[in-house]
Amino acid sequence: MSIKKVVKYGDETLRRPSKEVSKISKKIQTLVHDLLDTMYAKNGVGLAAPQIGENLRVFVIDVSTGNQPLHPMVFINPKIIKKSGAVSSYEGCLSFPDAYTDVKRYANVMVKALDIHGKPFTIEGKDGSLLARAIQHEFDHLDGVLFIDHCRNRFEADKILSEHGLAPVEGDRILDEPELDKALESIPANPGETVLPEGQNSQKEDEKVD
Ligand code: ZN
């Protein structure tokens, strides 16, 4: 169990699709603990295995805030089985230090996965909640997809990335999401309005989650 270095944007590990876990071995359990230790050390809400250099289909999430007890959730070989609605989400990512931008997400998502003991479970994130958005953000990491690929305004995203010394959005990575575009047409992109799956747990977020 240890705190690992988080892979930063630009490293090709983040763009590589991850492999299914074939057996919940000791190695996988150690990976899960490393993910949790690293996520908590960085005040993150979620972390996916490729972000610590392992291209395996594993991620962790903890959406507890403030004085709530920790509530770690482990997702191994997750499958998204249902998604609906749309929400504008102001997101960050531990692989993009301090860079946040508005992205398009489904409001509701249902995921099936295995826990650390290999037991299957199903969980639903609803109404654009932090959990709903964190699941989508972390799940994407397993397919080499990054939050900026869902950006609502490419120019704004590029500006923020360049302010943080990061490479611009790769144009051919931007996802075609007509369903979400249509649903979000009337909602202006508004940085700061909503919260961020992976960044720091802020006071603002506590208010929003409650
Ligand atoms: Zn991320």
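Residues numbered from 1 in each chain as written. Predicted model: local features only at pLDDT ≥ 70, side-chain atom pairs only at ≥ 80, totals over all residues. Heavy atoms only, no water.

**A short note on the overall build of the protein chain**
Formally: Secondary structure elements are taken from DSSP: a helix is a run of H or I of four residues or more, a strand is a run of E of two residues or more, and numbering for both begins at the N terminus. Throughout, radius of gyration means the C-alpha value; the globule benchmark is 2.2 Å times the number of residues raised to the power 0.38. Here the term buried applies to any residue with accessible area under 20% of the maximum for its type, exposed to any over 50%, and partly exposed to those in between, with areas from a 1.4 Å probe on protein chains only. In this tally, Asp and Glu contribute negative charge and Lys and Arg positive charge; neither His nor the terminal groups of the chain are included. Lysine's charge is taken at NZ, arginine's at CZ, aspartate's at CG and glutamate's at CD.
A tally of helices and strands in the protein chain yields five helices and seven strands. Helices and strands in the protein chain line up, N terminus first, as α-β-β-β-β-β-β-β-α-α-α-α. Taking 210 residues into account, the globule formula puts the C-alpha radius of gyration at 17 Å, and the protein chain, at 16 Å, falls close to it. Across the 210 residues that make up the protein chain, the buried fraction comes to 51%. Computed over 27 positive and 33 negative side-chain charges, the inter-centroid distance for the protein chain is 6 Å.

**Overview of helix α1 (residues 26-41)**
The test is simple: Under the convention used throughout, the expected extent of a helix is 1.5 Å for every residue step, that is, one less than its residue count. Residue contacts follow a heavy-atom distance rule, with two residues in contact if any of their heavy atoms lie within 4.5 Å.
Taking 1.5 Å per residue, 16 residues should reach 22 Å; α1 reaches 22 Å between its end C-alpha atoms and fits that length. Taken together, the buried positions of α1 are occupied by Ile28, Leu31, Val32, Asp34, Leu35, Leu36, Thr38 and Met39. On its buried side, α1 packs onto β1 (46-48), β2 (58-61) and β3 (73-84). Downstream of α1 by a residue or two, Asn43 has a phi angle that is positive, lying close to 55 degrees.

**Considerations on the environment of Glu177**
When you line up the elements, Glu177 lands in the loop between α3 (154-163) and α4 (178-184). Owing to a relative accessible area of 11%, Glu177 belongs among the buried residues under this scheme.

**Re the pairing of strand β5 (residues 96-105)**
Our working definition: Any two strands are treated as partners once DSSP identifies two or more bridges connecting them.
Among the ten residues that make up β5, eight are buried, leaving the element largely enclosed by the rest of the structure. Sheet topology places strand β4 (residues 87-93) next to β5; six bridges connect them, and they run antiparallel. Across the sheet, Cys93 pairs through a bridge with Phe96, a residue of β5.

**Some words on the packing of aromatic side chains**
The geometry of two aromatic rings is summed up by the distance between their centres and the angle between their planes. Note the cut-off: Whether two aromatic rings pair depends on their centres lying within 6.5 Å, for rings of Phe, Tyr and Trp, where Trp uses its six-membered ring; planes under 30 degrees apart make the pair stacked, over 60 edge-to-face, and the rest tilted. Placement of a charge over a ring requires the Lys NZ or Arg CZ to be within 6 Å of the ring centre, with the centre-to-atom vector within 35 degrees of the ring normal.
Scanning the model with the defined rule gives five aromatic pairs in all. Measuring from centroid to centroid gives 4.6 Å for Phe59 and Phe75, while their planes differ by 25 degrees, and the two rings are stacked. In this pair, Phe59 sits in strand β2 while Phe75 sits in strand β3, placing the two residues 16 residues apart along the sequence. Phe59 sits in the buried class, given a relative accessible area of 0%. Relative accessible area serves as the criterion here: at 0%, Phe75 is assigned to the buried category. Every member of this aromatic cluster is reached through a ring pair, and the members are Tyr9, Phe96 and Phe147. The cationic tip of Arg57 hangs over the ring face of Phe139; the distance from NZ or CZ to the ring centre is 5.7 Å.

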